[in-house]
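As a plain string of letters, each chain reads:
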Amino acid sequence: MSQRVFNFSAGPAMLPEAVLSRAAAEMLDCRGAGMSVMEMSHRSKEYAAIIAEVEAALRDVMNIPDSYRVLFLQGGATLQFSMVPLTLLPEGASADYAITGEFSGKAYKEARKVGPVREAVNLKGENYARIPAQSELALDPAAAYFHYCMNNTIFGTKWPYIPDTGAAPLVADVSSCILSEPLDVSRFGLLYAGAQKNMGPAGLTVVILREDLAGHAREGIPGLLDYAVQIKSGSMLNTPPTYGIYILGLVLDWVRAQGGLAAMGARNREKAQVLYDALDASKLFKAPVDKGSRSLMNVTFFTGDPALDDKFVGEAAAQGLVSLKGHRAVGGMRASIYNAMPRAGVDKLADLIRAFEKENG
Ligand SMILES: *Cc1c(COP(=O)(O)O)cnc(C)c1O
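Residues numbered from 1 in each chain as written. Predicted model: local features only at pLDDT ≥ 70, side-chain atom pairs only at ≥ 80, totals over all residues. Heavy atoms only, no water.

**Looking at the nonpolar core**
- Ranked by internal contacts, the top residues of the largest apolar core, which has 90 residues, are Y145, I208 and Y227.
- Among the elements that line this core, the one with the most residues is helix α6 (residues 242-257), at 10 residues.
- The contacts of Y227, once residues within four sequence positions are left out, are L71, Q80, M83, V84, T87, L88, L190, V207, L209 and A214.
- Counting residues in hydrophobic clusters, the runner-up holds 35 residues, among them F6, M14, L308 and L352. (Core = buried A, V, L, I, M, F, W, Y, C linked by side-chain atoms within 4.5 Å. Buried < 20%, exposed > 50% of the residue type's maximum accessible area, 1.4 Å probe, protein only. Helix = DSSP H or I, 4+ residues; strand = E, 2+ residues; numbered from the N terminus. Contact = heavy atoms within 4.5 Å.)

What follows is the structure, given as structure tokens:
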């Protein structure tokens, strides 16, 4: 028997054991095809059935309206930083960006190469430790769209509300919170997420967009970067990330078996609460994020003494609690507790936080 650890990595991240076991069972012969999904032609009848099932499952789990298209792309969330403005930012228009962390800052920088963009808010000066209130957003009423990152993976903050941006369609990077709780897709123009946080392996990017937004790409851009072209080809302009899409299907089956997104959300709130309660009760550890802006998926904390932080990370690893070192931009610790992290892993980490304080506090 292999010894599975509790993996708190921010991504690529833990997957449900049931998903990995099923993938293993289907590795050599997937559903009677006599081959692995990895070996199937993406144009085969077997694979056509798989990709159609996965899209249907995603639509079902996320309650995606019929007026939205689902795309299975590559290039990570990072390529969406460019694809979004290449299609949604017409010549002569400007877009608004909320900068609440590393990735939204990168999205802003990439968009600036395409056309004029504005900072609707920028909380770098506050170390991104909170999410701005609606009243702090300096909105351009004529903005082509408003872009924000719903859950800031590195800093551990999450927007506690969906911003009201008037006529400007909302575009959200949901890489680290997709499938973590129910989300009203109809409020958004476009959602995108790299799969490796909460959906599957790296290499797959899911885009969900309102169909009417797709057909306005800049002249002369590569077909791969044009949503309308990707829609027309059914995400098969070239070979899609076939195995990642299949794993997403297994993850979605697992989410449904857990009771869907409402049940995932309830469980994720409980898991996060266990950690935040332990941190709030501690004098040694601090959670730097404003209480109203706390992420359910990425819990950041530190002692204030880098040597003590390292000691904590080392002791945790010795107990099978791995990848707790914070992002290099923040330091300290970060516990990423996506859907696949069992409650038992979080309980064990909370126990260690208390025990470590007794010994070192
Ligand atoms: C991980 C992450 C990214 C970067 O994703 P890639 O797939 O590596 O491009 C972007 N945004 C958020 C919120 C992330 O968590």
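This is not the end of the story, as more comes after the structure.
**Some words on the sheet that holds strand β3 (residues 95-99)**
- Pairing is mixed in the open sheet, where seven strands are placed in the order β2-β10-β9-β8-β5-β3-β4. Taken across any chain shown, the strands that pair with only one partner, and hence form the sheet edges, are β2 (68-73) and β4 (117-122). Here the average twist between neighbouring strands, direction ignored, is 15 degrees.
- Bridge count for β3 against strand β5 (residues 146-149) is two bridges, and the pairing is parallel. The partner of D96 across the bridge, within β5, is F146.
- Packed on one face of the sheet, helix α4 (residues 102-112) meets β3, β4, β5, β8 (170-173) and β9 (190-194) and runs near 155 degrees to β3. (Pairing = 2+ DSSP bridges. Axes fitted to C-alpha atoms, helices over the stretch in contact; angles between N-to-C directions.)

**Description of the site of the ligand**
- Neighbouring the ligand are 13 residues, the closest being T78, T153, D173, Q196 and K197.
- Measuring from an oxygen atom of the ligand, one finds a side-chain N or O atom of T153 at 2.5 Å.
- Protein coverage of the free-state accessible area of the ligand, which is 380 Å², stands at 85%.
- Partitioned by chemical class, the residues of the shell around the ligand number four nonpolar, seven polar and two charged. (Near = heavy atom within 4 Å. Polar contact = N/O pair within 3.5 Å; in protein donor to acceptor, adjacent residues only side chain to side chain. Areas by Shrake-Rupley, 256 points an atom, 1.4 Å probe, with all protein chains shown as cover. Nonpolar A, V, L, I, M, F, W, Y, C, P; charged D, E, K, R; others polar.)

**Quick word on the domain arrangement of the chain**
- With domains assigned, the chain is organised as domain 1 (18-256) and domain 2 (259-360).
- For domain 1 and domain 2, the distance between their C-alpha centroids amounts to 27 Å.
- Tallying the contact residues gives 25 residues for domain 1 and 28 residues for domain 2.
- For the domain 1 and domain 2 pair, buried surface summed over both sides reaches about 2100 Å², with 57% attributable to carbon and sulfur atoms.
- Applying the counting rule to domain 1 against domain 2 returns one salt bridge.
- One salt bridge in this structure joins R269 and E181, with 3.6 Å as the shortest N-O distance.
- Our count for the domain 1 to domain 2 interface comes out at 15 residue pairs in polar contact (both at pLDDT 80 or more). (Domains from an automatic or database assignment. Buried area = accessible area lost by both parts, 1.4 Å probe. Salt bridge = Lys/Arg side-chain N within 4 Å of Asp/Glu carboxyl O.)

**Quick notes on the packing of helix α8 (residues 306-318) against helix α9 (residues 343-360)**
- It is at 11 Å that the axes of α8 and α9 come closest, and there the two elements cross at 130 degrees. Considered as vectors, α8 and α9 are oriented oblique to each other. Considering how the two elements wind past one another, α8 and α9 form a crossing that is right-handed. Contacts between α8 and α9 involve L308, K311, F312, E315 and A316 on the former and, on the latter, L349, L352, I353, F356, E359 and N360.
- Here the contact of α8 with α9 is built from residues that sort into seven nonpolar, one polar and three charged. (Parallel < 35°, antiparallel > 145°, perpendicular 65-115°, else oblique. Left-handed = near helix turned anticlockwise from the far one by under 90°.)

**Points about the packing of aromatic side chains**
- Counted by the stated rule, this structure contains 13 aromatic pairs.
- With 5.8 Å between their ring centres and 70 degrees between their planes, Y97 and Y145 make a pair best called edge-to-face. With Y97 in strand β3 and Y145 in the loop between β4 and β5, this residue pair connects regions lying 48 residues apart in the sequence.
- Consider the rings of Y128 and F155, whose centres lie 4.9 Å apart with planes at 65 degrees: the pair is edge-to-face. Of the two residues, Y128 is situated in the loop between β4 and β5 and F155 in the loop between β6 (151-152) and β7 (157-158); the sequence distance between them amounts to 27 residues.
- Cluster of aromatic residues (ring-pair linked, three or more members): F146, Y148, W159 and Y161. (Phe/Tyr/Trp six-rings, centres within 6.5 Å; stacked < 30°, edge-to-face > 60°.)

**Topic: a positive patch on the surface**
- Residues K106, K109, R112, K124 and R328 make up a contiguous surface patch of positive charge.
- Here R112 lies in helix α4.
- Judged by relative accessible area, R112 falls into the exposed class, the value being 52%. (Patch = residues over 30% accessible without salt bridge, like charges linked within 9 Å, V, L, I, M, F, W, Y side chains within 5 Å. Lys, Arg positive; Asp, Glu negative; His and termini not counted. Charge placed at Lys NZ, Arg CZ, Asp CG, Glu CD.)

**Quick notes on the pairing of β9**
- The element β9 is extensively covered by neighbouring structure, given that five of its five residues are classed as buried.
- Both faces of β9 are covered, namely the face carrying L190, Y192 and G194 and the face carrying L191 and A193.
- With three bridges joining them, β8 and β9 adopt parallel strand pairing. If you follow V171 over to β9, its bridge partner there is L190.
- Across five bridges, the pairing between β9 and strand β10 (residues 205-210) is antiparallel. Looking at the pairing, G194 lines up with T205 of β10.

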